[in-house]
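# Results of the structural survey
Residue-level listing of the chains:
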Amino acid sequence: MSSFSIRLATANDLEAIRAIYNYYVTCSTCTYQIVLETAEERLAWFRDRNFATHPATVAEDAGEVIGWAALSPWKSRCGYAKSAEASVYVHHEHHRRGIGKALLSDLIDRAKAAGLHTIIGGACTTQTASLALQIMLGFVPVGTFRQTGRKFDRWLDVTYTQLMLNADA
């Protein structure tokens, strides 16, 4: 098994990021997105990022992007500026290698360095591995919203978690 590294994402990574994400659009409840993301949409996502506070990162192995993660604003109102939401996606052929844990741990470190106060995590309740990873890294479940999403002809629940970071931020 080869090792992988984590680095900031670049525009050259966008097609790999999009391909990883679109797999889950079609095959999983990891995202409630039901329409494949276009290259233009992913480029707009990338261009709208403030990498100082809301970075996007990739896990890379032998030149191949095998996972990605991002911090995004929790809400658009300025009072939420110190809160972020974490997203982590690992290529479906590279599960169980510690990639998701490394990506989320890296995001936590970047959030602390950026002076963020809290990170919000969340996952469909069917995504038990994602929720377990968040809890393993110190996130605390704060609530479950029932039947808030619909995918694959069924209603789905989402559990949110929260990790407090900087007491002074």
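Analysis parameters
- Every chain begins its residue count from 1, and numbering advances along the sequence as written.
- Totals for whole chains, interfaces and linings use every residue, but because this is a predicted model, local features are given only for residues with pLDDT of at least 70 and side-chain atom pairs only at 80 or more, for both listing and counting.
- The side-chain values count all of the structure's non-hydrogen atoms but skip hydrogen atoms and water molecules.
- Salt bridges are identified by distance alone: a Lys or Arg side-chain nitrogen within 4 Å of an Asp or Glu carboxyl oxygen.
- For the exposure calls, accessible area comes from a 1.4 Å probe over protein chains only, and a residue counts as buried if that area is under 20% of its type's maximum, exposed if over 50%, partly exposed in between.
- Pairing between two strands is assigned when DSSP locates at least 2 bridges connecting them.
- Secondary structure follows DSSP: runs of H or I at least 4 residues long count as helices, runs of E at least 2 residues long count as strands, and numbering of each begins at the N terminus.
- Fitted lines through C-alpha atoms serve as axes, helices being fitted only where they are in contact, and the angles separating the N-to-C directions of these axes extend from 0 to 180 degrees.
- The contact rule is simple, with two residues in contact once any of their heavy atoms fall within 4.5 Å.

Attention now goes to the pattern of salt bridges. Summed over all chains, the structure comprises 7 salt bridges. Between Arg7 and Asp13 there is a salt bridge whose closest N-O contact spans 2.7 Å. Note that Glu37 is salt-bridged to Arg42, the shortest N-O span being 2.6 Å. On the basis of relative accessible area, Arg42 is assigned to the buried category, the value being 3%. Salt bridges sharing common partners tie together Arg7, Asp13 and Glu60.

If you trace the 7 strands from one edge of the open sheet to the other, you get β1-β2-β3-β4-β5-β7-β6, paired in mixed fashion. For this open sheet the edge positions go to β1 (5-8) and β6 (140-151), each flanked by a neighbour on one side alone. In this sheet, neighbouring strand axes are inclined to one another by 25° on average, regardless of whether the strands run parallel or antiparallel. Where strand β3 (residues 64-73) meets strand β4 (residues 83-90), 7 bridges bridge the pair, whose relative direction is antiparallel. Looking at the pairing, Trp68 lines up with Tyr89 of β4. Packed on one face of the sheet, helix α1 (residues 14-27) meets β2 (56-61), β3, β4 and β6 and runs near 80° to β3.

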